[in-house]
Amino acid sequence: MNNVRNDKLLKTFGLHLKAIREKKGFSQEALANEANIPISQVGRIERGEVNATLSTLDALAGALKISLKELVNF
């Protein structure tokens, strides 16, 4: 089986998420609480260390009050 993990993509998305979070005035902790995910998960996503699930992305988009499409449009 081939490894389909794209580290560059994950890091780019993480920077995009961080920029949106900061623009909206959220700390990592506040975003995690609003999205009901662990704070450590937000940090790992922003650093490009993990490949977030669609459910997690949907929760983040909801917490940020943006569409899932906007969250993944980077």
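A.B. asks: Tell me what's going on with helix H3 (residues 39–46), and back it up with residues and numbers.
C.D. replies: For an α-helix the count is 3.6 residues per turn, leaving residues at separations of three or four pointing the same way. Taken residue by residue, H3 has Gln-41, Val-42, Gly-43, Ile-45 and Glu-46 as its buried positions. Elements that come into contact with the buried residues of H3 comprise helix H1 (7–23), helix H2 (28–35) and helix H4 (54–64). The first or second residue beyond H3 is Gly-48, which carries a positive phi of 75 degrees.

A.B. asks: Give a description of the nonpolar core that names residues and reports values.
C.D. replies: If you look at the biggest cluster of nonpolar residues, it comprises 17 residues, and the most contacted ones within it are Leu-17, Leu-31, Leu-60, Leu-64 and Leu-71. Elements supplying a minimum of two residues to this core: H1, H2, H3 and H4. In contact with Leu-71, other than residues within four places in its own chain, are Phe-13, His-16, Leu-17, Ile-20, Leu-57, Leu-60, Ala-61, Leu-64 and Ile-66.

A.B. asks: I'd like a rundown of the packing of H2 against H4, residues and numbers included.
C.D. replies: Where H2 contacts H4, the axes come no closer than 8 Å and their chain directions differ by 110 degrees. The angle between the axes of H2 and H4 places the two elements in the roughly perpendicular class. In contact with Leu-31, Glu-34 and Ala-35 of H2, H4 contributes Ala-59, Leu-60, Ala-63 and Leu-64. Of the residues that constitute the contact of H2 with H4, the class distribution is six nonpolar, no polar and one charged.

Reading the values: the criteria
- Residues numbered from 1 in each chain as written.
- Predicted model: local features only at pLDDT ≥ 70, side-chain atom pairs only at ≥ 80, totals over all residues.
- Heavy atoms only, no water.
- Buried < 20%, exposed > 50% of the residue type's maximum accessible area, 1.4 Å probe, protein only.
- Helix = DSSP H or I, 4+ residues; strand = E, 2+ residues; numbered from the N terminus.
- Contact = heavy atoms within 4.5 Å.
- Core = buried A, V, L, I, M, F, W, Y, C linked by side-chain atoms within 4.5 Å.
- Axes fitted to C-alpha atoms, helices over the stretch in contact; angles between N-to-C directions.
- Parallel < 35°, antiparallel > 145°, perpendicular 65-115°, else oblique.
- Nonpolar A, V, L, I, M, F, W, Y, C, P; charged D, E, K, R; others polar.

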